[in-house]
Amino acid sequence: MIILGNRYTFSTVELDRLKRKFSTITLVLYKNKSASESIRKVNKALKESSPRLIVLNTQIKLPHKFLTYLTKLELKGVQYVSIEHFLEEYLDKCYIDLDSNTNSFLEDIHPYTPFQYCQKRLVDYLSVIALFPLTLLAIGYSWYRIKKESPGSLFFKQKRIGLSEREFTCIKLRSMHINAEKDGAQFAVENDPRTYPWGKFIRDKKVDELMQLWNVFKGEMHFVGPRPERKIWTKEFEKSIPYYTQRHVVAPGITGLAQIKYQYGSGKLDAEQKLMYDLYYIKNWNIFLDLKIIWKTALFVLTKKREDLSNF
């Protein structure tokens, strides 16, 4: 495979995933290069590994001579794919072009149809029933551990943004000390120092999320969907990330594609990356996608290895 240009920057994790599908990956940059030099680079890559796919990761207009050369390659069996289609097919994410002036992307992001919603609620109720005994067990034992390690309330309640940007009260088992946000709102991080021993365990194993089954039962959340965020962060991200509000055309979920495919992170860059997965999920939703995500979530909770999820 040849990646032509650097419009989209692939992360190390993404390149590692792609290497499992493509024997060789060659990056060819053509910016500030002559057409002849670019042609030599592509020729060299073709001779060394005979790749049959060129990803058009291009932003700057291709020189006429170089474009003519690429066109002739197609006659020899070389295939081309745009970066947008490549990311969807191989990495399960929708590309967000910060420099694009087109709004055609919005046509593919829409709420669930009535039939799709019925399927979602079926998955929701089955998940609630299946996890109810585990939830009761978690509540009982957490009450004992919290009383011992971090006296205070058993549950943690916080306003989150849901369907159509409506706020709802999200409930979890409390995994952090009572004064965790005494210095103001902040993102949780991996190995967060504000947690106590049992709190760290239930965060790592996602046990604290089980209480959100109540939100699922009430219809404020689905079992699978984009992660619900706080209003303070959504307002901040909307200012600089195109299409960010589109994740609110569906209700949020306890688990989701972004949660299993992307590492724990916070901030604008991480929000952009997770949004690409959320938009892919909304655009391509079907019940089998939900079942895959549930299965992969179970594997992640047991192994804590996202690399095991690459063959999604």
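The structure displayed is predicted, hence computed values, not measured ones. (Residues numbered from 1 in each chain as written. Predicted model: local features only at pLDDT ≥ 70, side-chain atom pairs only at ≥ 80, totals over all residues. Heavy atoms only, no water.)

A.B. asks: Before we move on, could you go through helix H3 (residues 64-74) and cite the residues and values that matter?
C.D. replies: Residues Phe66, Tyr69, Leu70 and Leu73 constitute the buried set of H3. Along the long axis of H3, the arc covered by the buried residues comes to 95 degrees, so they all point the same way. Within H3, the exposed residues directed more than 90 degrees away from the buried face are His64 and Lys72. On its buried face, H3 is in contact with strand E1 (2-4), helix H2 (35-49), strand E3 (53-56) and strand E4 (79-82). (Buried < 20%, exposed > 50% of the residue type's maximum accessible area, 1.4 Å probe, protein only. Helix = DSSP H or I, 4+ residues; strand = E, 2+ residues; numbered from the N terminus. Arc of directions from axis to C-beta. Contact = heavy atoms within 4.5 Å.)

A.B. asks: Talk me through unusual backbone geometry; I want residue IDs and the actual numbers.
C.D. replies: Positive phi, normally seen in glycine, also occurs at glutamate 165, with a value near 65 degrees. Its location among the elements puts glutamate 165 in the loop between strand E5 (155-161) and strand E6 (167-173). Of note, tyrosine 243 is a non-glycine position whose phi angle comes to about 70 degrees, a positive value. Here tyrosine 243 lies in the loop between helix H8 (231-238) and strand E8 (253-255). Since its relative accessible area comes to 17%, tyrosine 243 is described here as buried.

A.B. asks: If you had to explain the sheet that holds strand E2 (residues 26-28) to someone new, which residues and values would you point to?
C.D. replies: Taken in spatial order, the 4 strands of this open sheet run E2-E1-E3-E4, and their pairing is parallel. The two strands at the open ends of the sheet, each matched to only one other strand, are E2 and E4. On average, each strand axis in the sheet is inclined to that of its neighbour by 25 degrees, with strand direction left out of account. Two strands pair when backbone bridges link them, and E1 and E2 are joined in this way by 3 bridges, in the parallel orientation. In the strand pairing of E2, isoleucine 2 is matched with threonine 26. (Pairing = 2+ DSSP bridges. Axes fitted to C-alpha atoms, helices over the stretch in contact; angles between N-to-C directions.)

A.B. asks: Hey, could you go over the nonpolar core for me, with residue numbers and the actual values?
C.D. replies: Counting 60 residues, the largest nonpolar core has Met1, Phe10, Phe86 and Tyr281 as the members making the most contacts within it. Examining the composition of this core, we find that 8 residues originate from one element, helix H10 (residues 268-283), more than from any other. Other than its neighbours up to four places away in sequence, phenylalanine 10 contacts Ile3, Leu15, Leu18, Asn57, Ile83, Phe86, Leu87 and Leu91. Ile2, Tyr30, Ile54 and Leu70 belong to the second-largest nonpolar core, a separate cluster that totals 16 residues. (Core = buried A, V, L, I, M, F, W, Y, C linked by side-chain atoms within 4.5 Å.)

A.B. asks: Tell me about the pairing of E4, and please be specific about residues and values.
C.D. replies: Within a regular strand, the side chains alternate between the two sheet faces. With 4 bridges connecting them, E3 and E4 associate as parallel partners. Across the sheet, the residue bridging to valine 55 is valine 81, located in E4. Taken together, E3, H3 and E4 form a β-α-β motif whose crossover is right-handed. (Right-handed = clockwise from strand over helix to strand, strands pointing away.)

A.B. asks: So what's going on with the packing of aromatic side chains? Which residues, and what values?
C.D. replies: Inspection of the entire model under this criterion finds 15 aromatic pairs. Ring geometry for tyrosine 141 against tyrosine 144: centres 5.9 Å apart, planes inclined by 40 degrees, an arrangement best described as tilted. Residue tyrosine 141 and its partner tyrosine 144 are located together in helix H5 (residues 114-149), separated by 3 residues, close to a single helical turn. Residues tyrosine 141 and tryptophan 198 carry aromatic rings whose centres are separated by 5.0 Å and whose planes lie at 85 degrees to one another, so their mutual orientation is edge-to-face. Highlighted residues: tyrosine 141 in helix H5 and tryptophan 198 in helix H6 (residues 197-204), separated in sequence by 57 residues. In this structure tyrosine 141 comes out as partly exposed when scored by relative accessible area, which is 38%. Judged by relative accessible area, which is 11%, tryptophan 198 ranks as buried. (Phe/Tyr/Trp six-rings, centres within 6.5 Å; stacked < 30°, edge-to-face > 60°.)

A.B. asks: Tell me about the environment of valine 216, and please be specific about residues and values.
C.D. replies: Secondary-structure assignment places valine 216 in helix H7 (residues 213-218). Residues valine 216 and alanine 251 lie 35 residues apart in sequence; the distance between their C-alpha atoms is 9.6 Å. Once you skip the residues sitting within four places of it in the chain, valine 216 turns out to touch Arg121, Asp124, Val128, Met221, His222, Phe223 and Ile254.

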